[in-house]
Amino acid sequence: MKLEQSILPAVKSIKEYETLLDSDTNYVILLETRLGLLKKLVKVGQKAGKKVFVHIDLIQGLKADDYGMEYIGQEVKPDGVISTRSHVIHQAKKYNLISVQRLFLIDSQAIEHNVSIIKKAGPDFVEVLPGILPGMIKEIKNRLGVPVIAGGLIRTKEEVDQALQAGASAVSTSQNDLWDF
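*Asks:* Now, about the overall build of the protein: what can you tell me, with residues and values included?
*Replies:* In terms of helices and strands, the protein carries seven helices and ten strands. The buried share of the protein, reckoned over its 181 residues, is 49%. The long-range share in the protein, meaning contacts at least 24 apart out of those at least 6 apart in sequence, stands at 53%. For the protein, the accessible surface area stands at approximately 9,000 Å², while carbon and sulfur atoms represent 48% of it. Averaged over its 23 positive side-chain charges, the protein has a centre that lies 4 Å from the centre of its 22 negative ones.

Shown next as C-alpha cells:
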C-alpha cells in the first residue's frame with residue numbers, strides 16, 4: 001500500500017479540519033474529537049474528496065473494544081484507523097479499513113516487545129514515534145517490512161526531509177506550518 005503524499009495533516013480542532021477541506025491534501029487524520037461528532041466529520045471530509053483516518057485511541061466517548069470498532073466500521077466508515085492497540089488493527093481489517101499501528105520508541109525492550117506484537121497484527125502501516133529518529137525509522141521499516149509513517153516531535157522541514165530520507169513513506173504532523181499543499 002502506498003500513500004499519495006508525504007505530509008499527513010493531523011488535526012486537533014474543527015477550525016483546522018475545515019481549513020483542510022478546502023486544501024489540496026488527499027488525507028486528513030482526526031486526532032481528537034468526540035464520538036457525537038465523529039460520523040459527521042468523516043462524512044464531510046469524504047464528501048470533500050479526502051481520505052479520513054481516525055485516531056481511535058483519542059476519540060472521547062469511544063471504547064475501543066469489538067463493539068466500538070463495530071460502530072466505527074459499520075456506521076462511521078472512515079478510510080482508515082490509527083491505534084496503539086493490536087485488537088483495533090485486527091478489527092480494522094474486518095471492516096476493510098486501512099490500519100496504522102503506532103509504535104512508541106521508548107527503549108530497546110519496548111521496541112522488541114512491540115515489534116513482536118505488530119508482526120502478529122499485520123497493520124498496513126506502522127507509525128513510529130517520535131519520528132525524529134532517522135536510524136530507527138530505517139530499522140523498523142527493515143524489521144517489519146511494512147511502510148513507516150514518522151510522527152511526533154517533527155517541527156521543521158529539515159526533520160520532515162530527514163524522516164523521508166530515512167525511508168518513511170510519509171510524516172504525520174499537527175504542525176500546520178508544515179502542511180504545504
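*Asks:* Help me get a handle on the packing of helix H4 (residues 86-94) against helix H5 (residues 108-121), residues and values and all.
*Replies:* Across the interface, H4 lies against H5 with an axial gap of 9 Å and an inter-helix angle of 15°. Comparing their axes, H5 and H4 come out roughly parallel. Here the hand of the crossing between H4 and H5 comes out right-handed. Of the residues in H5, those touching H4 at Ser86, Ile89, His90 and Lys93 are Ile117, Lys120 and Ala121. In the contact of H4 with H5, the residues fall into three nonpolar, two polar and two charged.

*Asks:* Go over the packing of H5 against helix H6 (residues 134-144) with me, naming the residues and quoting the values.
*Replies:* Relative orientation of the contacting elements H5 and H6 amounts to 40°, with a least axis distance of 11 Å. It follows that H5 is oblique to H6 by the angle criterion. Like other packed secondary-structure pairs, H5 and H6 cross with a definite hand, here right-handed. Judged by residue contacts, Ile111, Glu112, Val115, Ile118 and Lys119 of H5 engage Met136, Ile140, Arg143 and Leu144 from H6. When grouped by side-chain class, the residues that make up the contact of H5 with H6 number six nonpolar, no polar and three charged.

*Asks:* An account of H4 is requested, with residue identities and associated values reported.
*Replies:* Spacing of three or four residues puts side chains on the same side of an α-helix, whose turn is 3.6 residues. Among all positions in H4, only Ser86, Val88, Ile89, Gln91 and Ala92 are buried. Check the buried side of H4 and you find it contacts helix H3 (66-76), strand S6 (80-83), strand S7 (98-104) and H5. Following H4 by one or two positions, Asn96 adopts a phi angle in the positive range, close to 55°.

*Asks:* Can you lay out H3 for me, pointing to particular residues and giving the numbers?
*Replies:* If you check which residues of H3 are buried, you get Gly68, Met69, Ile72, Gly73 and Val76. End-on, the buried residues of H3 take up no more than an arc of 130°, which puts them together on one face. Where the residues of H3 are buried, they touch helix H2 (35-47), S6 and H4. By the N-cap criterion, in which a side-chain oxygen at the helix start approaches the backbone nitrogen of a residue two or three places on, H3 is capped by Asp65, the distance to Tyr67 being 3.2 Å. A positive phi of about 55° marks Lys77, the residue just after H3.

Conventions adopted
Residues numbered from 1 in each chain as written. Predicted model: local features only at pLDDT ≥ 70, side-chain atom pairs only at ≥ 80, totals over all residues. Heavy atoms only, no water. Helix = DSSP H or I, 4+ residues; strand = E, 2+ residues; numbered from the N terminus. Buried < 20%, exposed > 50% of the residue type's maximum accessible area, 1.4 Å probe, protein only. Contact = heavy atoms within 4.5 Å. Areas by Shrake-Rupley, 256 points an atom, 1.4 Å probe, with all protein chains shown as cover. Lys, Arg positive; Asp, Glu negative; His and termini not counted. Charge placed at Lys NZ, Arg CZ, Asp CG, Glu CD. Axes fitted to C-alpha atoms, helices over the stretch in contact; angles between N-to-C directions. Parallel < 35°, antiparallel > 145°, perpendicular 65-115°, else oblique. Left-handed = near helix turned anticlockwise from the far one by under 90°. Nonpolar A, V, L, I, M, F, W, Y, C, P; charged D, E, K, R; others polar. Arc of directions from axis to C-beta. Polar contact = N/O pair within 3.5 Å; in protein donor to acceptor, adjacent residues only side chain to side chain.

By themselves, these are just geometric observations and shouldn't be taken as functional.
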